Amino acid sequence: MRVLITGATGLIGSKISNACREKGIDVHYLTTSKDKIENHPDYKGFYWNPSEGEIDEKAIEGVNIIINLVGASIAERWTDEQKKKIIKSRTETANLLYKCLQENKNEVQHLVSASAIGVYPSSLEKLYTEKDQGVDDSFVGEVVVKWEEAVDNFKDLGIEVAKIRIGLVLAKNGGMLQKLKEPVNFSVGSPLGSGKQWQSWIHIEDIKGIFMYAVENKLTGVYNAVAPNPVTNKEMVNFLASQMGKPVWLPNVPKVALKLVLGDMSRLVLSSQLVSNDKIEEAGYHFQYLNLSKALEDLIDN
Ligand SMILES: NC(=O)c1ccc[n+]([C@@H]2O[C@H](COP(=O)([O-])OP(=O)(O)OC[C@H]3O[C@@H](n4cnc5c(N)ncnc54)[C@H](OP(=O)(O)O)[C@@H]3O)[C@@H](O)[C@H]2O)c1
């Protein structure tokens, strides 16, 4: 079996690439950086420049499954230019890959793509399942809708599509945990806004596990990828501080201060998504990390 991975050099992509190689699955990957191209028998990089419509067509040779993880970081200040980049890095890339498949003979049957739980409207009470159709009235909501539409187009080519709505990924190096750890480390960690907003987190091992499960079991449709026990922001900060052996004694950071510092992007930290993972569990996936304390114990070295 051979997979083609976009975003293979990123936080999640690098984990999934390694998991594939360990299972004897050949990896082809597309990268925008020529210096990230490697050429091993089971791990080959190919260049693409989506904004110029350029793609090395050899990338799809012998590929059965595509894992789509490409996307410019959403945690950069949301200037107009950055907003365009965030959207295009998800839609232009999908469209370019679509065109490449349309124009070249290939054996691709399945696409497993990243998406995000940020699509669900922010709410302190509602528990979201994949059946909920509402869209958050923020930039993130807009991004996810356009992203999932671009991914759904692949069905026109006879390709089965799975969309994995990823929660807040907790990993040792990089991602959200790194950002949360910094203030706590200097003993200035405190809940953000009311601290009551839900944070549906997932350990990186489980995100890797769910993508591999989707590939191996040919899952199709939408799946939420979050751990079974989401926490509020206040609980997240308290668990983190306790694991790091630091106090949390400062008052919450007021919403208005966050808006001043982060602008529109404050939505990212203030938004509340309480998300159910029943569907992926019912599909047979067993989570490795169910509780935040266990996940942090694994990820934080004291
Ligand atoms: N981490 C999370 O908490 C989280 C939560 C929800 C959803 N997701 C989604 O899951 C996917 C993977 O996340 P991640 O954390 O692994 O991301 P990441 O570490 O930022 O990696 C994303 C990869 O996308 C490529 N890329 C970045 N900007 C690009 C651009 N403008 N044009 C084309 N390619 C670009 C880069 O690959 P090259 O440099 O090799 O080209 C990069 O390695 C993303 O789509 C992200 O939005 C992540």
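Basis of the calculations
Residues numbered from 1 in each chain as written. Predicted model: local features only at pLDDT ≥ 70, side-chain atom pairs only at ≥ 80, totals over all residues. Heavy atoms only, no water. UniProt positions renumbered as here; feature names shortened; annotations may be inferred. Helix = DSSP H or I, 4+ residues; strand = E, 2+ residues; numbered from the N terminus. Axes fitted to C-alpha atoms, helices over the stretch in contact; angles between N-to-C directions. Parallel < 35°, antiparallel > 145°, perpendicular 65-115°, else oblique. Left-handed = near helix turned anticlockwise from the far one by under 90°. Contact = heavy atoms within 4.5 Å. Nonpolar A, V, L, I, M, F, W, Y, C, P; charged D, E, K, R; others polar. Buried < 20%, exposed > 50% of the residue type's maximum accessible area, 1.4 Å probe, protein only. Pairing = 2+ DSSP bridges.

The protein has the name TIGR01777 family protein in an unreviewed UniProt entry, where Salegentibacter echinorum is given as its organism. UniProt, in its Sequence similarities (unreviewed entry) section for the protein, records the words "Belongs to the NAD(P)-dependent epimerase/dehydratase family. SDR39U1 subfamily."

I tried to follow the UniProt feature "domain: DUF1731" (unreviewed entry) in the protein on my own but got confused; where do I start?
Sequence positions flagged by UniProt for "domain: DUF1731" (unreviewed entry) are, in local numbering, residues 253-299. Between the end C-alpha atoms of residues 253-299 there is a gap of 25 Å, over a span that is 55% helix and 4% strand.

Help me out: how do you make sense of the packing of helix α4 (residues 175-185) against helix α6 (residues 233-244) in this one?
How two helices pack is summed up by the angle between their axes together with the distance between the axes. At a minimum axis distance of 10 Å, the contact between α4 and α6 shows a crossing angle of 65 degrees. Taken as axis vectors, α4 and α6 run roughly perpendicular relative to one another. The crossing of α4 and α6 is right-handed. Across the interface between the two elements, Met176, Leu177, Leu180, Lys181, Val184 and Asn185 of α4 pack against Met236, Leu240, Ala241 and Met244 of α6. Considered class by class, the residues forming the contact of α4 with α6 number 8 nonpolar, 1 polar and 1 charged.

What exactly am I supposed to notice about the pairing of strand β1 (residues 2-6) here?
For β1, a buried count of 4 out of 5 residues is recorded, marking the element as mostly surrounded by other parts of the structure. The sheet contact formed by β1 and strand β2 (residues 26-31) spans 5 bridges and is parallel. Bridging across to β2, Ile5 finds its partner in Tyr29. With 4 bridges connecting them, β1 and strand β6 (residues 65-68) associate as parallel partners. Of the residues in β6, the one forming a bridge with Thr6 is Asn68.

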